[in-house]
Amino acid sequence: RQIPLGFEPRGVGAIGLALPSKKYPTDDAIVAFTREVAARAAALPGVTQVTLSTRLPLGGYPMETFSIAGQPRVAVAERPRAQVQSVGPGYERVLGVPLLRGRGFAAADRQGAPPVALINRALADKWFPGADPVGRLLEIDLPATGRERADGPSRWEIVGVLGNVKGR
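Just so we're clear, the structure is a prediction, and the values are computed from it rather than from any experiment.

Asker: What's the story with the nonpolar core in this structure? I'm lost.
Answerer: Proteins that are soluble and globular tend to have nonpolar side chains buried together. Membership of the largest hydrophobic core is limited to 10 residues, which are Phe66, Ile68, Ala82, Ile119, Leu123, Ala124, Phe128, Leu138, Ile158 and Val161. At the level of elements, β1 (63-68), α3 (121-127) and β6 (154-162) are the ones that each hand at least two residues to this core. When neighbours within four sequence positions are excluded, Ile158 is seen to be in contact with Ala117, Ile119, Phe128, Pro133, Val134, Gly135, Arg136 and Leu138. Among the nonpolar cores identified, the runner-up in size contains 9 residues, and Phe7, Tyr91, Val97 and Leu118 belong to it.

Asker: Any chance you could explain the pairing of strand β5 (residues 137-140) here in plain terms?
Answerer: Regular strands place side chains that alternate from one sheet face to the opposite one. As paired strands, β1 and β5 are joined by 3 bridges and run antiparallel to one another. What sits directly across from Phe66, in β5, is Ile140. Looking at chain direction, β5 and β6 are connected through 4 bridges and run antiparallel. Note that in β6 the partner of Glu139 across the bridge is Arg155.

Asker: Whenever I open this one, the pattern of salt bridges confuses me. Can you help?
Answerer: Should their charged atoms come close, side chains of opposite charge can pair. Considering all chains together, one arrives at 6 salt bridges under this definition. Of the charged contacts in the structure, one is a salt bridge between Arg10 and Glu8, with a shortest N-O distance of 2.8 Å. You can call Glu8 partly exposed: its relative accessible area is 29%. Between Arg93 and Glu92 there is a salt bridge, with its nearest N and O atoms 4.0 Å apart. Judged by relative accessible area, Glu92 falls into the buried class, the value being 6%.

Asker: What is the right way to read the packing of aromatic side chains from this model?
Answerer: The description of an aromatic ring pair uses the distance of the two centres, along with the angle that the planes make with each other. Counted by the stated rule, this structure contains 2 aromatic pairs. When the centroid spacing of 5.0 Å and the interplanar angle of 55° are considered together, the rings of Tyr24 and Phe33 count as tilted. Here Tyr24 falls in the buried class, since its relative accessible area comes to 14%. For Phe33, a relative accessible area of 24% translates into the label partly exposed. Plain terms: the ring middles of Phe66 and Trp127 are 5.9 Å apart, the flat faces sit at 85° to each other, and that makes the pair edge-to-face. Placement of the pair is Phe66 in strand β1 and Trp127 in helix α3, with a sequence separation of 61 residues.

Criteria and thresholds
Residues numbered from 1 in each chain as written. Predicted model: local features only at pLDDT ≥ 70, side-chain atom pairs only at ≥ 80, totals over all residues. Heavy atoms only, no water. Core = buried A, V, L, I, M, F, W, Y, C linked by side-chain atoms within 4.5 Å. Buried < 20%, exposed > 50% of the residue type's maximum accessible area, 1.4 Å probe, protein only. Helix = DSSP H or I, 4+ residues; strand = E, 2+ residues; numbered from the N terminus. Contact = heavy atoms within 4.5 Å. Pairing = 2+ DSSP bridges. Salt bridge = Lys/Arg side-chain N within 4 Å of Asp/Glu carboxyl O. Phe/Tyr/Trp six-rings, centres within 6.5 Å; stacked < 30°, edge-to-face > 60°.

Purely spatial values, then, with no claim about function.
Below, the structure written as structure tokens:
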């Protein structure tokens, strides 16, 4: 209770869901379902804010390798790794994670729109020392399969920097 977590857990509730792939076989089906769950949760008495996330703080996140667009490419095994999660608009407000620079996710940041990312202070300090990372591009090179993407790296524009949150 005395270690700073980087978020405020008081007054926050969480629901974990595992969707059966036969009923939700596509990303569109999953997105539609989760939006409906969020809308229904927001309508409950006493609920003031709702967001979505693939993981909760302290639960651990999958690691992905990345590169900074415009920097020399290195071998896959030498690329840096970062914990990655998908979150919805308002994530930082709901959990009380400080937004240090830029903006948080907006409703316009959705499937089909250009991909955007929030990074934490630790990643900003390490990979953009003395510089503003907002507007720079991250290249996510390795999907969870551990292989280089056949269609090349996925580029994500950094739109904001959040405070550090304990991931484990």
